[in-house]
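# Results of the structural survey
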There are 4 protein chains.
Amino acid sequence: MKEATNKGWRHKIHEVIYGTHTRAGKLFDIILLIVIVYSIIVVMLESLPRFDVKYHRFLDISEWVVTVLFSIEYILRIVCIKKPSKYIFSFFGIVDFLSTVPKYLSFFLVGSQYLTAFRALRLLRVFRILKLVRFVGESNNLVRAMSASRTKIMVFVFFLVIISVLLGTTMYLIEGPEHGFNSIPHSVYWTIVTLTTVGYGDISPETALGQFIATVIMIIGYGIIAVPTGIVSAEYASAKKKNEGNRNTDRFCESCGTQIHREDAEYCRKCGYNLSEHQ
Amino acid sequence: MKEATNKGWRHKIHEVIYGTHTRAGKLFDIILLIVIVYSIIVVMLESLPRFDVKYHRFLDISEWVVTVLFSIEYILRIVCIKKPSKYIFSFFGIVDFLSTVPKYLSFFLVGSQYLTAFRALRLLRVFRILKLVRFVGESNNLVRAMSASRTKIMVFVFFLVIISVLLGTTMYLIEGPEHGFNSIPHSVYWTIVTLTTVGYGDISPETALGQFIATVIMIIGYGIIAVPTGIVSAEYASAKKKNEGNRNTDRFCESCGTQIHREDAEYCRKCGYNLSEHQ
Amino acid sequence: MKEATNKGWRHKIHEVIYGTHTRAGKLFDIILLIVIVYSIIVVMLESLPRFDVKYHRFLDISEWVVTVLFSIEYILRIVCIKKPSKYIFSFFGIVDFLSTVPKYLSFFLVGSQYLTAFRALRLLRVFRILKLVRFVGESNNLVRAMSASRTKIMVFVFFLVIISVLLGTTMYLIEGPEHGFNSIPHSVYWTIVTLTTVGYGDISPETALGQFIATVIMIIGYGIIAVPTGIVSAEYASAKKKNEGNRNTDRFCESCGTQIHREDAEYCRKCGYNLSEHQ
Amino acid sequence: MKEATNKGWRHKIHEVIYGTHTRAGKLFDIILLIVIVYSIIVVMLESLPRFDVKYHRFLDISEWVVTVLFSIEYILRIVCIKKPSKYIFSFFGIVDFLSTVPKYLSFFLVGSQYLTAFRALRLLRVFRILKLVRFVGESNNLVRAMSASRTKIMVFVFFLVIISVLLGTTMYLIEGPEHGFNSIPHSVYWTIVTLTTVGYGDISPETALGQFIATVIMIIGYGIIAVPTGIVSAEYASAKKKNEGNRNTDRFCESCGTQIHREDAEYCRKCGYNLSEHQ
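Bear in mind that the values here come from a model prediction, so they are computed numbers and not experimental data. Position numbers for residues count from 1 along each chain, tracking the sequence in the order it is written. Each chain is given a letter, starting from A, and each ligand a number, starting from 1, according to the order in which they appear as written. Two thresholds apply to this predicted model, a pLDDT of at least 70 for residue-level local features and 80 or more for giving and counting side-chain atom pairs, whereas whole-chain, interface and lining totals are computed over all residues. Side-chain calculation: all heavy atoms of the structure are included, whereas hydrogens and water are not.

A few words now on the overall build of chain A. In terms of regular secondary structure, chain A is built from 13 helices and zero strands. Each helix corresponds to a stretch of at least 4 residues labelled H or I by DSSP, and each strand to a stretch of at least 2 residues labelled E; elements are numbered beginning at the N terminus. When the helices and strands of chain A are placed in sequence order, the string is α-α-α-α-α-α-α-α-α-α-α-α-α. Only protein chains enter the accessibility calculation, which uses a 1.4 Å probe; a residue whose area is less than 20% of its type maximum is buried, one above 50% is exposed, and one in between is partly exposed. Sorting the 279 residues of chain A into buried and exposed places 46% on the buried side. The protein chains shown are the only cover counted for residues, whose accessible areas, like all others here, come from Shrake-Rupley with a 1.4 Å probe. As displayed, chain A has an accessible area near 14300 Å², and 67% of this comes from carbon and sulfur atoms.

The following block contains the structure:
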């Protein structure tokens, strides 16, 4: 108890802000989360004209309270850490900065207060707060699969863009500005809307030939949607398998060298050697 | 025969209502199913203005007949069971209650009769009625896969929401209320419509920059649709494999009774008994 | 040569119509395919008002020529086969019948000639004509995967319908007829349009709560699109594996009994026994 | 150094244009890439009416500069190669030709300059320029998976078209021209828009029966989207596995030089040589 006091107030604050194992740390994290969610809701409501007119004063005060709270937290985070620069230029450091500054800038610049919506990024803290060890462990395979398929998906997107430019130009030549395909970039936009099966319908082909080519584009889109899915699916299965394989391979029979696959095995399945006896 | 009579009328009713193996039980289940489907159709037709005007009297009587039948069934279910509280607070108990009460409430509250559409949930009984042992067995892998990928998909949805808030705010700033992006929540709604490739087209970007970002959102959506699919696909394959692995369950150690999982095992992994010697 | 003549004209026709190995049989199949495609194009063009006005006479004559040709083929198919009833009630027998009759019925019934579009089903013959042994072999895994996942997908569709009824009713209660959700069946239709990520936009939620629930529905739809894909994907992989496994397992070393996995192996990989010498 | 000079200027140009390992070759490739991207942007901007009016002169000159540069490059490519015909009729030879000619044709033909958008195909050069050995290696599995699933996906598309013709005709008969289903081809177009879950909403069913069938089509589309994804996913996993299997290629039989594929092999499968004895 005495030792803890000796560590000084900086250490105490550090424990509350960065720690997640103490009672105070947990409480701080939960309050922080509530404030973050609350601040995002306030920004959203502010953008609703009906709401803003009625409760403008309340929303504005809420905004300022949240901003001041975040500023205090930001300063405390810098103060109580040994190497402040490490935090300031980290991902969360920049996010924390961006979630306080815009409100102060709103004195000078109109519209900048909307940037406070970047506070949503702070929600990513929830992963740390909920001590998502299990989640991180589980999504590890996912991260590995994503990273393994990254270059492949980039090549895929690159092809997608080239195809879209070609098909978009073709559609522009066929349909033309009189049917809503105002320009090549606009047609490329339409092509991507169609290829990804989004299909707003703000522009849609009206000539028979245009509709025929649109049909072909849709079927292409339907076919190539399989590619990224197939890649991620296979890579994920592969990452999962590797992970599972690694879970058991560190145990060998001392007598005959056979690998023991099952964790609950007590005897070697090849020579009958008693495994537990000699551990 | 005498024994059955001794068990009293409660037991008999129990056998008919809960049992699925006797003739009477089967008949009861089939009639129940028909009444459920009929009651849902009645609720649906009632909401059609043209139909309701013409056949209002008929539909109303149908509703009442169904409701009374369901009420009788509900009371019988409570009466004939030993621990009524167990049924009342079970999933089907609540569903059964909700499918009778709204009609009675319609005396006092307007609109409450539409809640009877919750009767659709009763259709889930069909799984029990059709004695879907085979189905449950087959969808077991599916359930296991779903449960294994639950946390991962929740993390995924969480990311989706954060991305949507950020991109939605960006689109609100670019397009603004003059192009239909009336507020941030509205823009977030649009972003999710686009990310999930639904694409209603009730709102669609009109500025060049907005369309460019919409294109990026679509490609992101196209890419991340691969993630849940990949997860479920891999988990399902893995659950299926495990299940197949467990299928080799016809081999037990003669000495200690432990199940032998690996086909190439020569010694029991629990007691070291020589399996091959005594075959 | 003499023997062929003895078999009579029925046999000859049989060879041309049903055979695919002789020169005449091949020619017949190709002509048949061309006529089928031609007849479908004619039916399609007939439905185009502009085309029909201009070339009505030509299209009508084309229709009649095709119908008479199909009738002759149908009669010949019945005449030259030993058990006509087997053909008549087979899938293709019914399709062939349906592709001739509607035109004759058009004397009496208006609109029935459109049923001739069922001729499209005759296109399935292309699989037989192109001697798609390779295709059938390759799509065998696919067929097996589809059949293995049939019940599971049916269960899935059943759940989809129940969810749609519940969510559709909820949306009807929230949005109501004043925002285009005219009735419960109409709302259920909208829910399925949204869940399947089709998103026409003929109806779209207009209240804030409706848009929020729509968002939830989309994310659910986005999540459950993974389920059928995952099932088919895993079942297909499993069917493929089984098929590949079966391709090699019929070869064992005569000396030590080890299974020979590689088809080009000449010596046993376990005991060095010369495999080819003793075959 | 002297030797390089002896090879003449043709060889030097060849090294710059076709080579990617020398400094000059790299620089040439990067400049080429920039010019290609620039020329595509120019073509796109030209199609924007607002831009074209303002900067018409600038865009036109840009176009001509790019075209002349491409023409020089095209001539040099032909001149410095030994067998010009091989280049001229190669994929890139034709693309290079098509990316210069349209501009010259624009003297005579209106609209032909839009064909210059085919320059986008030149972007495929980026794969060669970035020396994408790693990419090609990684996407090799993908190419193999695509090629393995080609016929199956073609069969799938063929079925899709047949189903669309049948369902499109059915919808035409139900909805008819009064609800926007003007003709059978138009209805088939709508069916494909629905099946592929694009859903523009330019046409949408209005009768109750039409909406019901649309619902069925959507669920079918939702189900069959699983098929190509499942195929590509499984084939990709299989190609990946094979590739990993082939990776164990560092073990050769000392006696006959045959590659040993299986890690547990003790004897060469070609000559029966004892592998383990001599290790």
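This next bit is on the packing of aromatic side chains. A ring pair, where both rings are aromatic, is described by two values, the distance of the centres and the angle of the planes. Each aromatic pair joins two rings of Phe, Tyr and Trp (for Trp, the six-membered one) with centres within 6.5 Å, and gets the label stacked for planes under 30 degrees apart, edge-to-face for over 60, and tilted for any other angle. On inspection of all chains with the given rule, the structure shows 24 aromatic pairs over all chains. Look at D:F51 and D:Y55: their rings are 5.2 Å apart centre to centre, the planes differ by 40°, and that puts the pair in the tilted class. Of the two residues, D:F51 and D:Y55 are both situated in helix 4 (residues 49-79); the distance of four residues between them amounts to about one turn of the helix. Residue class for D:F51 comes out partly exposed when judged on its relative accessible area of 34%. Chaining the aromatic ring pairs together yields one cluster made of A:Y74, A:Y87 and A:F97.

Just to be clear on terms, a salt bridge is a Lys or Arg side-chain nitrogen sitting within 4 Å of an Asp or Glu carboxyl oxygen. Applying the stated criterion across every chain, the model contains eight salt bridges over all chains. Where C:R77 meets C:E73, a salt bridge forms, and the shortest distance between an N and an O atom there is 2.6 Å. Separated by four residues within a single helix, C:R77 and C:E73 lie in helix 4 (residues 49-79), roughly one turn from each other. For C:E73, a relative accessible area of 5% puts it in the buried group. Overlapping salt bridges bring together A:E73, A:R77 and A:D96 as one network.

Before going further, it helps to spend a moment on the environment of B:G25. By the secondary structure assignment, B:G25 is in helix 3 (residues 23-46). Distance from B:G25 to B:H14, taken between C-alpha atoms, is 9.1 Å for residues eleven residues apart in sequence.

Turning our attention to the environment of C:V155. All names here are of chain C. Note that V155 resides in helix 10 (residues 150-175). You can call V155 buried: its relative accessible area is 10%. Sequence separation between V155 and P177 is 22 residues, and the spatial gap between their C-alpha atoms is 32 Å.

With that settled, consider the confidence of the model for chain A. Residues and elements named next belong to chain A. Each residue carries a pLDDT score, the predictor's own confidence in it, on a scale running from 0 to 100. Averaged over every residue, the pLDDT of chain A is 75; residues scoring 70 or more account for 70%. A contact between two residues is defined here by any heavy atoms of the two lying within 4.5 Å. Under a pLDDT of 50 for its full length, residues 131-137 has, in the predicted model, eight contacts with residues more than four places off or in other chains. Note that pLDDT drops below 50 for residues 246-250; the model gives that stretch six contacts with residues more than four away or on any other chain. Interface confidence for the predicted complex, expressed as ipTM, amounts to 0.74; the pTM equals 0.78.

This brings us to a positive patch on the surface. A grouping of A:K241, B:K241, C:K241 and D:K241 is seen on the molecular surface, where their side chains present a positively charged patch. A residue is classified by how much of its surface remains accessible, and A:K241, at 44% relative accessible area, is partly exposed. Like charges are joined within 9 Å and nonpolar side chains (Val, Leu, Ile, Met, Phe, Trp, Tyr) within 5 Å, but only among residues with over 30% relative accessible area and no salt bridge; these make up the patches. Counting rule applied: Lys, Arg positive; Asp, Glu negative; His and chain ends not counted. For charged residues, the charge sits on one atom: NZ in Lys, CZ in Arg, CG in Asp, CD in Glu.

Moving on to helix 11 (residues 184-195) of chain A. Here helix 11 of chain A is twelve residues long and its end C-alpha atoms lie 16 Å apart, about the 16 Å a rise of 1.5 Å per residue gives. Residues of helix 11 of chain A that are buried sit in contact with helix 10 (150-175) and helix 12 (208-224) of chain A, helix 12 (208-224) of chain B together with helix 3 (23-47) of chain D. Two residues or fewer after helix 11 of chain A comes A:T197, characterised by a positive phi angle close to 60°. Here, expected helix span is obtained from the residue count minus one, scaled by 1.5 Å.

The next thing to look at is helix 12 (residues 208-224) of chain D. In a regular helix each residue adds 1.5 Å, so 17 residues correspond to 24 Å; helix 12 of chain D covers 24 Å between its end C-alpha atoms and thus fits that length. Taken as a whole, helix 12 of chain D has its buried residues at D:G210, D:Q211, D:I213, D:A214, D:T215, D:I217, D:M218, D:I219, D:G221, D:Y222 and D:I224.

So, about unusual backbone geometry. Unusually for a residue other than glycine, A:T197 sits at a positive phi of about 60°. Structurally, the position occupied by A:T197 is in the loop between helix 11 and helix 12.

Each pair of packed helices can be described by the angle between their axes along with the distance between the axes. Residue and element names in this part refer to chain C. Axes here refer to lines fitted to C-alpha atoms; in helices the fit is confined to the stretch in contact. Angles between the N-to-C directions go from 0 to 180 degrees. For the pair helix 4 and helix 6 (residues 91-98), interaxial distance at closest approach is 9 Å and the crossing angle is 150°. At the point where helix 4 passes helix 6, the crossing takes the left-handed sense. Here E73, Y74 and R77 of helix 4 lie close against helix 6, whose contacting residues are G93, D96 and F97. The nonpolar class holds Ala, Val, Leu, Ile, Met, Phe, Trp, Tyr, Cys and Pro. Asp, Glu, Lys and Arg form the charged class, and all remaining residues, Gly among them, are polar. Residues belonging to the contact of helix 4 with helix 6 are distributed by class as follows: two nonpolar, one polar and three charged. Throughout, a crossing is termed right-handed when the near helix is turned clockwise from the far one, and left-handed when it is turned anticlockwise from it by less than a right angle.

On to the environment of A:V165. By the element assignment, A:V165 lies in helix 10. Classification of A:V165 as buried rests on a relative accessible area of 11%.

Residue and element names in this part refer to chain B. On the surface, I61, V65, V68, L69, I72, L76 and Y104 cluster together into a nonpolar patch covering about 560 Å² of accessible area. When residues of the nonpolar patch are assigned to their parent elements, the largest contribution, six residues, is made by helix 4 (residues 49-79). Mapping V65 onto the fold places it in helix 4.

This paragraph deals with the packing of helix 3 (residues 23-47) of chain C against helix 4 of chain C. Residue and element names in this part refer to chain C. Two numbers describe how helix 3 lies on helix 4: the axes approach to 8 Å, and their chain directions differ by 145°. Between helix 3 and helix 4 lies a crossing whose hand is left-handed. Packed against helix 3, whose contacting residues are F28, L32, V35, I36, Y38, S39, V42, V43, L45, E46 and S47, the element helix 4 presents P49, F51, D52, F58, L59, S62, E63, V66, L69, F70, E73 and R77 at the interface. Residues of the contact of helix 3 with helix 4, tallied by class, amount to 15 nonpolar, three polar and five charged.

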